[in-house]
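# Examining the three-dimensional arrangement
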Amino acid sequence: MVQSVDGKLLARMLIHASASLNAEKQKINELNVFPVPDGDTGTNMSLTIGTAAAELQKKGPTTVGEAAAINASAMLRGARGNSGVILSLIFRGFSKAMKDKESMDGIDLADGLNAGVVAAYKAVMKPAEGTVLTVSRLAGDRAGRAAEENTAFEYVLESAILRGEEALADTVNQNPVLKKAGVVDAGGMGFVTLLKGMLDELRGIAAPTGEAEPEAKEKADFAAQSLEEITFTFDTVFIVRKDGKTVDLQPFRDYLNSIGDSLVIGEDDEAFKVHVHTDIPGSALNEAQKYGTLELAKIENMRTQAEDLAAGRQAQSTDDLEAVEAELEGHAAPEAAKRYGFVAVAAGEGLAKVFHDLGVDGVISGGQTMNPSTEDILKEIKKTPAQVVYVLPNNKNIIMAAQQCVALAEGKEIIVLQAKTVPQGISAMIAMDLDAEPGENTAAMEEAMGMVTTMEVTYAARTSTFDGQDIQEGDYLALVDNQLFATEKGLDAVLDRLAQEAKSRGGEFINIFYGEGVEEQGAQTALERFQAACPEAEITLLRGGQPVYHYLISVE
């Protein structure tokens, strides 16, 4: 029975915990209660602690206090999503309890876990039971009682895990949403997975090296879940540096609570991190600047998100902003040779070519399931030799990352358009007038974006029931302006329904971009179906090469 651990061992335990979460992240994602592959709790928690693991490997702390501080600081800046923010808060409280400690025993572990729970509960405006908060609280409570029985670190950690597993199993009975879906809380599962990874390292069990396959029984039953159950649309996370000032965040908390919910604020001496669900993320960011300097932000649309970063993609990192800033400061901006420049985000060679043909200087590969980082966008902006650079994110989940470039791109005026789809970005570029003033161009481009209807054809990643429709794995799904429009067994049937919808909307100009897995003959058939439904429309068929979506269609 291990009595105590030092900083080196604690660091290895946290690194092992990161590997464990990474291996289980897709299982955790599968607990998501929506029918499209957009569950990302496991991914968010994995990326959060993954940032800390990288820092611990790089810095090699020797004391418990050092290891806990490095871990907490990295997690605060690397936290993603509600689950990631709460996880970072738990370890922030844990770090404060471990300050200046050379080693830790079971008593210290119990104190640290409970300090973390207190910090998390204080930061969450409306704590809900049946979540990671419940699991961590009950695990911490058991750790405290176990430390009175036996002060060995291993005994206390094992006791906390056993109670955490019991609490996790009961979350399905505590949260109405989970009960309807028949699943346990994803964040709670992530927390238990993390603790188990720490114990495995302590006992000499090798860390996992890959990602485990999700078990079908752990997937959610999606019956009775609907978009209407989401109160606010945008999951918004951002960091604000305090600039050496002492700030009272209570007024800010009150403001955010008035425009959203699921509010969590994590704070240390230098910065604070906010997670909030709201319909007006821009207002939240503007208000935040009264309390310091906005450093980094991320926004995701919870209604339409179809993100799965666990599909073998190495996520770009903006977790260490200071390192990013140091690198960026080392690169001089190119001389502005023209007035206007353009940067767009798009996935697929065909779509990239369209943007280049329309005058876009730099196209960043990305989109749904492949969100580029602020650093990726900023590098492309800096390479663009223009005084005014327009950025077309072309995806709701990328807009706020792009907006962070406004303050970071020195010497340039950056205008980030609210282009939520590729068709909107294309229409914006067509409306651009190189001889007009920026304000006039922005208004014209925004008006053009508002005239576009975006249609998408994709597939169901899993069997489920959504809004009363039975969806089988492999079914074809049609989305119109990011909302589920139809589901069919055959591709032709779903295309026919979209063609009729284009007709009902009076479509005069229709562009059909076919994806990377679509043969030209099949694409020609799609063209013919739209021509039959909309004989008066001007219809163009182009190879987009985009992943995930068989067809991307714009209707104006």
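One can find the structure itself at the top, above this paragraph.
Residues numbered from 1 in each chain as written. Predicted model: local features only at pLDDT ≥ 70, side-chain atom pairs only at ≥ 80, totals over all residues. Heavy atoms only, no water.

Right, let's get into the nonpolar core. Grouped together as the largest cluster of nonpolar side chains are 65 residues, with contacts concentrated most on Met104, Leu157, Leu194 and Met198. When residues of this core are traced back to their parent elements, those giving at least two are helix H1 (7-29), helix H2 (41-59), helix H3 (64-78), helix H4 (81-97), helix H5 (106-123), helix H6 (132-149), helix H7 (153-174) and helix H9 (186-202). With nine residues, the single largest contributor to this core is H9. If we skip the residues at most four places from it in the chain, Leu194 touches Ala17, Leu21, Ile49, Leu87 and Phe91. (Core = buried A, V, L, I, M, F, W, Y, C linked by side-chain atoms within 4.5 Å. Buried < 20%, exposed > 50% of the residue type's maximum accessible area, 1.4 Å probe, protein only. Helix = DSSP H or I, 4+ residues; strand = E, 2+ residues; numbered from the N terminus. Contact = heavy atoms within 4.5 Å.)

Relative to the helices and strands, Gln424 resides in helix H17 (residues 422-431). For Gln424, a relative accessible area of 15% gives the class buried. From its side chain, Gln424 meets the backbone nitrogen of Lys420 in a polar contact 2.7 Å long. Setting aside residues up to four positions removed in sequence, Gln424 forms contacts with Gln418, Ala419, Met449 and Val452. (Polar contact = N/O pair within 3.5 Å; in protein donor to acceptor, adjacent residues only side chain to side chain.)

Take the environment of Ala526 next. In this fold, Ala526 is placed in helix H20 (residues 520-533). Residue classification places Ala526 among the buried positions, given a relative accessible area of 0%. The spacing of Ala526 and Ile512 is 14 residues in sequence and 8.3 Å in space, taken between C-alpha atoms. Discounting chain neighbours no more than four positions away, the residues touching Ala526 are Leu495, Ile512 and Tyr551.

What follows deals with the sheet that holds strand S14 (residues 476-480). Taken in spatial order, the six strands make up an open sheet running S15-S14-S11-S18-S16-S17, and their pairing is mixed. Each of the sheet's edge strands pairs with one partner strand only, and the pair in question is strand S15 (483-488) and strand S17 (538-543). Neighbour-to-neighbour, the strand axes of this sheet turn through a mean angle of 20°, independent of strand direction. Sheet topology places strand S16 (residues 509-514) next to S17; six bridges connect them, and they run parallel. Paired with Tyr514 across the two strands is Arg543, which belongs to S17. Sheet strands touched by helix H13 (residues 349-357): S16, S17 and strand S18 (551-555). Its angle to S17, the strand with the most contacts, is close to 120°. (Pairing = 2+ DSSP bridges. Axes fitted to C-alpha atoms, helices over the stretch in contact; angles between N-to-C directions.)

Another aspect to go through is the side chain of Arg92. Along the polypeptide, Arg92 turns up in helix H4. Excluding anything up to four places from it in sequence, Arg92 contacts Ala72, Glu267, Asp268 and Asp269.

Strand S6 (residues 293-301) sits mainly inside the fold: seven of its nine residues count as buried. Pairing geometry for strand S3 (residues 234-241) and S6, over eight bridges, is antiparallel. Paired with Asp235 across the bridge in S6 is Glu300.

A few words now on the packing of H2 against H9. Where H2 contacts H9, the axes come no closer than 9 Å and their chain directions differ by 40°. Taken together, the axis directions place H2 and H9 in an arrangement best described as oblique. Note on packing geometry: the crossing formed by H2 with H9 is right-handed. The segment H2 lies against H9, with Thr41, Met45 and Ile49 engaging Ala186, Gly187, Gly190, Phe191 and Leu194. Residues that form the contact of H2 with H9 fall into these classes: five nonpolar, three polar and no charged. (Parallel < 35°, antiparallel > 145°, perpendicular 65-115°, else oblique. Left-handed = near helix turned anticlockwise from the far one by under 90°. Nonpolar A, V, L, I, M, F, W, Y, C, P; charged D, E, K, R; others polar.)

Our focus in this paragraph is the sheet that holds strand S4 (residues 260-267). One open sheet holds the four strands; their spatial order is S4-S5-S3-S6, and the pairing between them is antiparallel. One side of each edge strand has no neighbouring strand; the edge strands of this open sheet are S4 and S6. For this sheet, the mean angle separating the axes of adjacent strands, direction not counted, is 10°. As judged from the eight bridges shared by S3 and strand S5 (residues 271-278), these two strands associate in the antiparallel manner. Along S5, the bridge assignment pairs Phe234 with Thr278.

What follows concerns the pattern of salt bridges. Inspection of the entire model under this criterion finds 22 salt bridges. In this structure, Lys290 engages Glu287 in a salt bridge whose closest nitrogen and oxygen atoms are separated by 3.1 Å. According to the relative accessible area criterion, Glu287 is buried, its value standing at 16%. In this structure, a network of salt bridges that share partners links the residues Glu55, Lys58 and Lys59. (Salt bridge = Lys/Arg side-chain N within 4 Å of Asp/Glu carboxyl O.)

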